[in-house]
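An overview of the molecular structure
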Amino acid sequence: MRKLVLLAVVVLSTISVQAQEVNWLSFEEALELNKKNPKPIMIDLYTDWCGWCKRMDATTYKNEVIIKYINDNYYAVKMDGEGKEDITFKGRTFKFVQKGRSKYHELAAAILNGKLSYPSTAFFTAEEQLIQTVPGYLVKERFEKILAYFSGDAYKNTPWKDFEKNFKSSL
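This write-up is about the structure you can find in this document. It should be emphasised that the depicted structure is a prediction, and the values quoted were computed from it without experimental measurement.

1. Focus: the environment of P135
Positionally, P135 belongs in strand β9 (residues 130-135). Residues P135 and K115 lie 20 residues apart in sequence; the distance between their C-alpha atoms is 9.3 Å. Those residues within four positions of P135 in sequence are excluded, and the remaining contacts are S117, P119 and S120.

2. Quick word on the packing of aromatic side chains
Counted according to the given criterion, the structure contains 14 aromatic pairs. For the ring pair F150 and Y155, a centre distance of 5.8 Å and an interplane angle of 45° mean the geometry is tilted. Note on Y155: relative accessible area 22%, which makes it partly exposed. An aromatic cluster is built from Y74, F123, Y149, F150, Y155, W160, F163 and F167, whose rings are joined through pairwise contacts.

3. Quick word on the pairing of strand β8 (residues 120-124)
Of all the five residues making up β8, five are buried; the element is thus mostly covered by neighbouring parts of the structure. Relative to β8, strand β2 (residues 41-46) is paired through five bridges, and the arrangement is antiparallel. Among the inter-strand pairings, D44 is bridged to a residue of β8, identified as T121. Relative to β9, β8 is paired through five bridges, and the arrangement is antiparallel. Opposite T121, over in β9, you have V134 as the bridge partner.

Definitions and limits used
Residues numbered from 1 in each chain as written. Predicted model: local features only at pLDDT ≥ 70, side-chain atom pairs only at ≥ 80, totals over all residues. Heavy atoms only, no water. Helix = DSSP H or I, 4+ residues; strand = E, 2+ residues; numbered from the N terminus. Contact = heavy atoms within 4.5 Å. Phe/Tyr/Trp six-rings, centres within 6.5 Å; stacked < 30°, edge-to-face > 60°. Buried < 20%, exposed > 50% of the residue type's maximum accessible area, 1.4 Å probe, protein only. Pairing = 2+ DSSP bridges.

Keep in mind that these numbers describe shape and distance, not what the molecule does.
Dropping the structure here:
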């Protein structure tokens with residue numbers, strides 16, 4: 001009986017952990033879903049060697065409020081800034097580039113306007129237009145505000161300082 005209870009606890013905790021993750025998509029998957037049901041796109045630009053990227057994955061992207069907000073309001077893309085797969089966007093194919101010791105993906109470089117800083121988070125409209133890129137590691141409290149600012153129309157007509165001052169956190 002004790003083993004059965006322990007097994008049930010393990011199974012239930014595994015299910016709840018799996019249910020509490022950001023629904024990460026590839027760039028192409030997000031674009032395809034966006035055609036059927038338009039909503040903003042958020043891109044987490046990272047690299048495998050980036051310590052702050054790993055920390056953001058382990059902290060900010062594990063917060064239940066952040067996870068729910070992203071999954072409810074965005075198509076979330078995890079994009080390796082040094083990824084090797086070709087990505088076609090708006091009629092252009094973006095490729096991996098290696099020049100000596102420098103390497104990058106052309107789409108990441110385009111989104112980041114040539115400033116390859118990781119982690120960075122890019123926000124696109126439902127019409128697939130880049131709104132803004134936010135460089136650096138983001139703690140959950142700051143990230144929640146940023147997510148809310150770009151998921152609706154606030155960024156169009158409300159200055160950030162006013163939005164931030166009036167923001168009510170769910171954390």
